Amino acid sequence: MFQQRTLKSMVTGHGVGLHSGQLTRVRLVPTPPDSGIVFVRTDLVPNVEIPATSANVRDTVLATTLGVGAVTVATVEHLIAALAGLGVDNARVELDGPEVPILDGSSAPWVQLITEAGGTVAQRKAKRFLVVRRAVEVRADDKWARLEPANTFSLRCSIDFDHPIVNSQSFEMTMSDTAFLREVARARTFGFAKDVDAMHAAGLARGGSLDNAVVIDDFSIRNPDGLRFPDEFVRHKVLDAIGDLALLGAPIIGRYVGHKTGHALNTRLVAELLANPRSYEVAEFKATREAEGAQVILPSFGLGGLATA
Ligand SMILES: [Zn+2]
């Protein structure tokens, strides 16, 4: 069977929040099967737990913010994408502030932290998958996102900017831990210099610098080391989608297609799927034979204990 996974051991990292500029310590802690991914604000007394589920999404402007009651945790998407990409179903993410550190603007530093702590371990409980049975789609102007039935979890994103460097790009991948690490984990978030300057003026992106985002001028990349991939921008869109879809609470078997997407549209897509029970079902692959038959799914991705259905 495909087993649930958690972290091999506890590990601590720290960094600055993109929007708050606040230094925050993060501790990743292994948890039992069916725990899911749960953020814990340890700076509050008593501590407040915020499960990483779509029901707890509070805000999707600039970054994804989760919340329970009045307590929030911001910019969760790249850490959640790293956990999903490594197949982690169960973990506590303890942090002593309101925002997950941005680090280099990709999932790579989180992957590295987890790898340094020994990676992940299988647990004695079957992993549950969310199998897409009927297509669902959401639109906003010329942007759209869709989930449709498929035998694997695959993603295709396209972007279309009127800009000499970003312009039209598309990227497609079938999810596996190796594809995640090789193709998208290192892709950084990006922004246009004029927007970044405006955000700084508005007191936003206070922790933002060339160390944690690709910043694009009218005709060039401001970062002295340039890009990690020629199409790093659209690869980051795929990474963001992996993190946003992880809020379904279980790894998907289906195909995601997104055009000019962002966290807001992806969050609407997740809500649309969950609002239509006939569009999905929850499945476990218990027998080895069954698992072999479904090997294209690949054993090592997973997004957390199922919160719905
Ligand atoms: Zn992102």
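K.L.:
How do you make sense of the pairing of strand β2 (residues 11-16) when you look at a structure like this?
P.N.:
Within a regular strand, the side chains alternate between the two sheet faces. The pairing of β2 with strand β3 (residues 23-30) spans six bridges and is antiparallel. In the strand pairing of β3, His 14 is matched with Arg 25.

K.L.:
Looking at this model, I keep getting lost on the environment of Phe 153. Mind explaining?
P.N.:
Structurally, the position occupied by Phe 153 is in strand β14 (residues 153-160). Among the residues examined, Phe 153 registers 26 C-beta atoms within 10 Å and is labelled buried. Separated by 32 residues in sequence, Phe 153 and Ala 185 have C-alpha atoms that sit 16 Å apart.

K.L.:
Got a minute to help me understand the domain arrangement of the chain in this structure?
P.N.:
In many analyses, interface size is given as the accessible surface area lost on bringing the parts together. If you check the domain split of the chain, you get domain 1 (3-126) and domain 2 (128-297). Opposite the 32 residues of domain 1 that make contact, domain 2 presents 34 residues. Elements that contribute at least two residues to the side of domain 1 that touches domain 2 include exactly α1 (77-85) and α2 (108-116). When residues of the side of domain 1 that touches domain 2 are assigned to their parent elements, the largest contribution, seven residues, is made by α1. A breakdown of the residues in the side of domain 1 that touches domain 2 according to their chemical character gives 15 nonpolar, 15 polar and two charged.

K.L.:
Just checking my understanding: could you explain the nonpolar core for this structure?
P.N.:
Nonpolar side chains in soluble globular proteins tend to be buried together. Counting residues in hydrophobic clusters, the biggest one holds 77 residues, and the most contacted among them are Ile 80, Ala 82, Leu 83, Val 238 and Ile 242. Among the elements that line this core, the one with the most residues is helix α5 (residues 232-245), at seven residues. Once residues lying within four places of it in the same chain are set aside, the contact partners of Ile 80 are Ile 37, Ala 52, Gly 243 and Ala 246.

K.L.:
What is the right way to read the pairing of strand β18 (residues 252-259) from this model?
P.N.:
Buried residues dominate β18, accounting for seven of its eight residues. Inspection of the sheet shows strand β11 (residues 128-132) paired to β18 by two bridges, in the parallel sense. Each bridged residue has a counterpart across the sheet, and for Val 131 the counterpart in β18 is Ile 253. The sheet contact formed by strand β13 (residues 143-148) and β18 spans five bridges and is antiparallel. Considered in β18, the bridge of Ala 145 is made with Gly 258. Sheet analysis places β14 next to β18, joined by six bridges and oriented parallel. Within β18, the position partnered with Leu 155 by the bridge is Tyr 256.

What counts and how
Residues numbered from 1 in each chain as written. Predicted model: local features only at pLDDT ≥ 70, side-chain atom pairs only at ≥ 80, totals over all residues. Pairing = 2+ DSSP bridges. Helix = DSSP H or I, 4+ residues; strand = E, 2+ residues; numbered from the N terminus. Buried ≥ 20, exposed ≤ 12 C-beta atoms within 10 Å, placed from the backbone. Domains from an automatic or database assignment. Contact = placed C-beta atoms within 7 Å. Nonpolar A, V, L, I, M, F, W, Y, C, P; charged D, E, K, R; others polar. Core = buried A, V, L, I, M, F, W, Y, C linked by C-beta atoms within 7 Å.

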